[in-house]
Amino acid sequence: MSSRNMSSGKKVTPKKTNRKDRLGCTDEDALHFHSMGGKPGKLEICPTKPMATQRDLSLAYSPGVAAPVKAIFDDPVKAYDYTNKGNLVAVITNGTAILGLGDLGALASKPVMEGKAVLFKRFADVDSIDLEIDTKDADEFINAVRYLGPSFGGINLEDIAAPDCFIIEQKLREVMDIPVFHDDQHGTAIISAAGLLNALDLTDRNIKDIRMVVNGAGAAAIACIELAKSMGVPHQNVTLCDSKGVIYKGRAKGMNQWKSAHAIETDARTLSDAMVGADVFYGLSVADAVSMEMVASMADKPIIFAMANPDPEINPEDVKAARDDAIIATGRSDYPNQINNVLGFPYIFRGALDVQASAINDAMKVAAARALAELAREDVPDEVAAAYQGNRPKYGPDYLIPAPFDPRLIQKIPAAVARAAMDSGVARKLIIDMDEYEAKLSGRLDPAASILQTIFAKVKQEPKRVIFAEGEEDQVIHAAHAFLNAGLGQPVLVGRPDKIKAAFKKAGIKRPKEIEIQPVEAAESNKQYVDFLYERIWRKGFLYRDCARLVRLDRNVFSSCMVGMGHADAMVTGLTRNWYISYKNVQYALDPKPGRTVIGVTLAINKGRTVLLADTAIHEAPGPEELANIAIEAARAARRFGYEPRVAMLAYSTFGYPKGTRSERMREAIKILDERGVDFEYDGEMAADVALSKEAMALYPNCRLSKPANVLVMPGWNSASVSMKMLETLGGSTVIGPMLVGLEKPVQIAKFGASDSELVNLAAIAAYDAADKS
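Definitions and cut-offs
- Residues numbered from 1 in each chain as written.
- Predicted model: local features only at pLDDT ≥ 70, side-chain atom pairs only at ≥ 80, totals over all residues.
- Heavy atoms only, no water.
- Helix = DSSP H or I, 4+ residues; strand = E, 2+ residues; numbered from the N terminus.
- Rg over C-alpha atoms; globule rule 2.2 N^0.38 Å.
- Buried < 20%, exposed > 50% of the residue type's maximum accessible area, 1.4 Å probe, protein only.
- Contact = heavy atoms within 4.5 Å.
- Areas by Shrake-Rupley, 256 points an atom, 1.4 Å probe, with all protein chains shown as cover.
- Polar contact = N/O pair within 3.5 Å; in protein donor to acceptor, adjacent residues only side chain to side chain.
- Arc of directions from axis to C-beta.
- Axes fitted to C-alpha atoms, helices over the stretch in contact; angles between N-to-C directions.
- Left-handed = near helix turned anticlockwise from the far one by under 90°.
- Nonpolar A, V, L, I, M, F, W, Y, C, P; charged D, E, K, R; others polar.
- Pairing = 2+ DSSP bridges.
- Right-handed = clockwise from strand over helix to strand, strands pointing away.
- Salt bridge = Lys/Arg side-chain N within 4 Å of Asp/Glu carboxyl O.
- Phe/Tyr/Trp six-rings, centres within 6.5 Å; stacked < 30°, edge-to-face > 60°.
- Lys NZ or Arg CZ within 6 Å of the ring centre and 35° of its normal.
- Expected span 1.5 Å × (residues − 1).

> I'd like a rundown of the overall build of the chain, residues and numbers included.
Scanning the chain for helices and strands turns up 31 helices and 21 strands. For 774 residues, the compact-globule estimate of 2.2 N^0.38 gives 28 Å, and the chain sits close to it at 29 Å. If one aligns the C-alpha atoms of the chain with their principal axes, the spans along those axes are about 95 × 70 × 50 Å. Within the chain, the proportion of its 774 residues that are buried is 54%. In the chain, 70% of the contacts between residues at least 6 apart in sequence involve partners at least 24 apart. Counting only carbon and sulfur atoms, one obtains 53% of the accessible surface of the chain, whose full area is about 34,200 Å².

This is the structure we're talking about:
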């Protein structure tokens, strides 16, 4: 969430248009996203303890629940040990200033608050509940919230119009003993402060000497000024402006106590007057508030943070035209240096919760800003470099602030906030070993999101032409549209043009010209694909007319021929057919890569831990040689996903006991891997618990694996498929796959009935494979 001006809160009637955002997503896309899957909205509640037996229920509720009740009564701090209080934040609003839409009421704000809760979970593993308070009266709002302290570890206030947001936050901070944080104010202030610190460093300025102009006097602007002053900017050096001009001492019109606190003695009366000779400009107002002439009048190497959304006070192109020595930041993702609140609030609350802080104070805000600034000065990891089209960003005028997908944020920012909370005396719990704490923090990232994020970022560097073989299906229409809008490449829909156009109309989506329709009945393309297919399979008993029928009637065969002839880079299919039938169709047109083995690899993710299972699709009862090949392919796949492979060859036995034919095949595969001298850790045969449990593995001190395995080679396709489906259905795991590995051209096959999001993910993986030259 980027910065916003919270000064208004006026009632607005939104226009009902099918507008597009900067990623090309339409209103229809958003409505479909929020309603799909049989569970409207974006959140659900899941138990963290087993609830399968009568004993489980007795422990969870009556009579077992009495024990923690008594413990908490005797010592209230025990609530952090026996309940979810220590990882639970309430996201609360009254809907009087929803994003850029204004006052649309409490109920209409719920999608935004759910979204905020999702961001808490995604970026910092903080659980959140959204609460929409249906009142515009500040006192009523305060009284509704003030008694919620026992339930939550923190309160995130959101989308409340000024000046009520100041009153509400100040009073709740006074009466509650948990952190109360209005992100629209302080989030923007913290991120912009981080950028300011680095801009000052790059221009060799001292924060105590700069002169700053702030345009906009809403919640975010006031918070930005207060944090800047707490970091060293002198009071007299900050000129605050609103829609009526400079806020100076003695001004009477349009004033309130929060503006008056920042009034200064000055002769300047307009924004234009104030900008002359200024070192820094903060914009938290409206589009086009700043002219090129104003920028030209500023000091050398001006620092301009134009943070109005969706359009800044002045576009970066105009700033550069006026002053090529300027350093620029905005609230937008399509320019460098985005002031994005998601860099702050998840990690700030993470650190505050982990020390059971009673408040989020200035020391913690400053610590977060400094940690963000320092992180931007470090060498960036591959995940960040991938999103910059392969040009690894480095600290400088166009890289003042870390990227939101930098995996180091979860380690660095909460640790800095927690340390500041302890040093400033608001922490009720001390963290003794900060190194251990930082290591644990990294485990809170959602591995699935991180893996897909890396894949999406790399695909955007080199977008591909990807075929969606079942182009007439509703899910495919949505998936192709999302794939295009995400900048992942050009979708090609295979099918009957009239049916595809009707599907777009039904979905309420106007088909962009970039989405190509490829009719299977086109005579010219059919002829070349029939010839291609016939040359491949005529020695397998197929007549020319057989090949013509396959190409004309089977879209998977048609699409595979397109990919095989280089007319597309990759393809995705499987929505309407059994997985194995789809793979059989693909085999007509595509072979394995030379010297490679085609296998299915599945990512299984549970509670922050990721393992790869293989082969989950192709080999029903592999022999020793095939098992060794599967291990090599799976290890290669693990490295492509960013993991250093530790391969366990699974069986029902462990290192020879009990004996059996299937276990013998695994032992023979180990010998083959020994002979080949592979460059990854492997061992077996072993049972699954030995492979995955540190404690169980410790019983076998001669095991070659340095840690529990992250790649599991299954004894056969049957056991792999059963295990995968059980993990997903009963174990609550996130499962991605099976993904095809080893084909000469990239193809991914979705599971029967896959969602549009799953299709987009597989299409991205196919495009990612297309960029792989190995």
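Let us keep going from here.
> Before we move on, can you summarise the side chain of Glu685 with the specific residues and values?
Examined against the element boundaries, Glu685 turns out to sit in strand β18 (residues 681–686). On the basis of relative accessibility, which here comes to 1%, the residue Glu685 falls in the buried class. A polar contact of 2.9 Å, which involves the side chain of Glu685, links it to the side chain of Arg667. For Glu685, the contacting residues outside a window of four places in its chain are Met649, Ala651, Ser653, Thr654, Phe655, Gly656, Tyr657, Ser663, Met666 and Arg667.

> I'd love a proper account of helix α18 (residues 434–442), names of residues and values included.
Among the residues making up α18, those that are buried are Met434, Tyr437, Glu438 and Leu441. Down the axis of α18, the smallest arc covering the buried residues is 100 degrees, so these residues share one side. In α18, the exposed residues that point more than 90 degrees away from the buried face are Asp435 and Lys440. Buried positions along α18 lie against α14 (345–354) and α17 (409–424). Where α18 starts, the residue carrying a side-chain oxygen 3.2 Å from the main-chain nitrogen of Asp435 turns out to be Asp433.

> Tell me about the packing of helix α6 (residues 138–145) against helix α7 (residues 164–175), and please be specific about residues and values.
In the contact formed by α6 and α7, the axes pass within 10 Å of each other and the chain directions differ by 35 degrees. Judged by the twist between their axes, the crossing of α6 over α7 is right-handed. Contacts between α6 and α7 involve Ala138, Phe141, Ile142 and Val145 from the first element and Asp164, Ile167, Ile168, Lys171 and Leu172 from the second. By residue class, the composition of the contact of α6 with α7 is seven nonpolar, no polar and two charged.

> Could you give me a rundown of the pairing of strand β3 (residues 154–157), with the residues and numbers involved?
Here β3 shows no split at all, with Gly154 and Asn156 on one side and Ile155 and Leu157 on the other all buried. Inspection of the sheet shows strand β1 (residues 88–93) paired to β3 by four bridges, in the parallel sense. Among the inter-strand pairings, Ile92 is bridged to a residue of β3, identified as Leu157. With three bridges connecting them, β3 and strand β4 (residues 180–182) associate as parallel partners. The residue of β4 that forms the bridge with Leu157 is His182. Crossover connection from β3 via α7 to parallel β4: handedness right-handed.

> Could you give an account of the pattern of salt bridges, naming the residues involved and the relevant values?
Across all of its chains, the model carries 44 salt bridges by this definition. Across the pair Lys365 and Asp362 runs a salt bridge whose closest N-O atoms are separated by 3.5 Å. You can see Lys365 and its partner Asp362 sitting in helix α15 (residues 362–377), three residues apart, about one turn around the helix. Judged by relative accessible area, which is 43%, Asp362 ranks as partly exposed. Close ionic contact of Lys440 with Glu436 constitutes a salt bridge, the shortest N to O distance being 3.6 Å. Taken together, the positions of Lys440 and Glu436, both in helix α18 and four residues apart, correspond to about one turn of that helix. The class of Glu436 is partly exposed, set by a relative accessible area of 40%. Connected via shared salt-bridge partners are Lys110, Glu114 and Asp130.

> Can you tell me about the packing of aromatic side chains, naming the residues and giving the values?
This structure, assessed with the given rule, holds 13 aromatic pairs. On the basis of an interplanar angle of 25 degrees and a centroid distance of 5.0 Å, the ring pair of Phe166 and Trp258 is categorised as stacked. Placement of Phe166 in helix α7 and of Trp258 in helix α10 (residues 257–260) is noted, with a sequence separation of 92 residues between them. You'll find Phe166 and Trp258 in the same group, each marked buried. Over the aromatic face of Tyr248 sits the side chain of Arg269, whose NZ or CZ is 3.6 Å from the ring centroid.

> I'd love a proper account of helix α20 (residues 474–485), names of residues and values included.
For α20, with twelve residues, the first-to-last C-alpha span of 17 Å sits near the 16 Å given by 1.5 Å per residue. In terms of residue burial, α20 counts as a mostly covered element, since nine of its twelve residues are buried. Residues of α20 that are buried: Val476, Ile477, His478, Ala479, Ala480, His481, Phe483, Leu484 and Asn485. Where α20 is buried, its residues touch α1 (27–35), β11 (464–468), β12 (489–494), α21 (497–507) and α31 (756–770). Of the residues trailing α20, Gly487 is marked for its positive phi of about 75 degrees.

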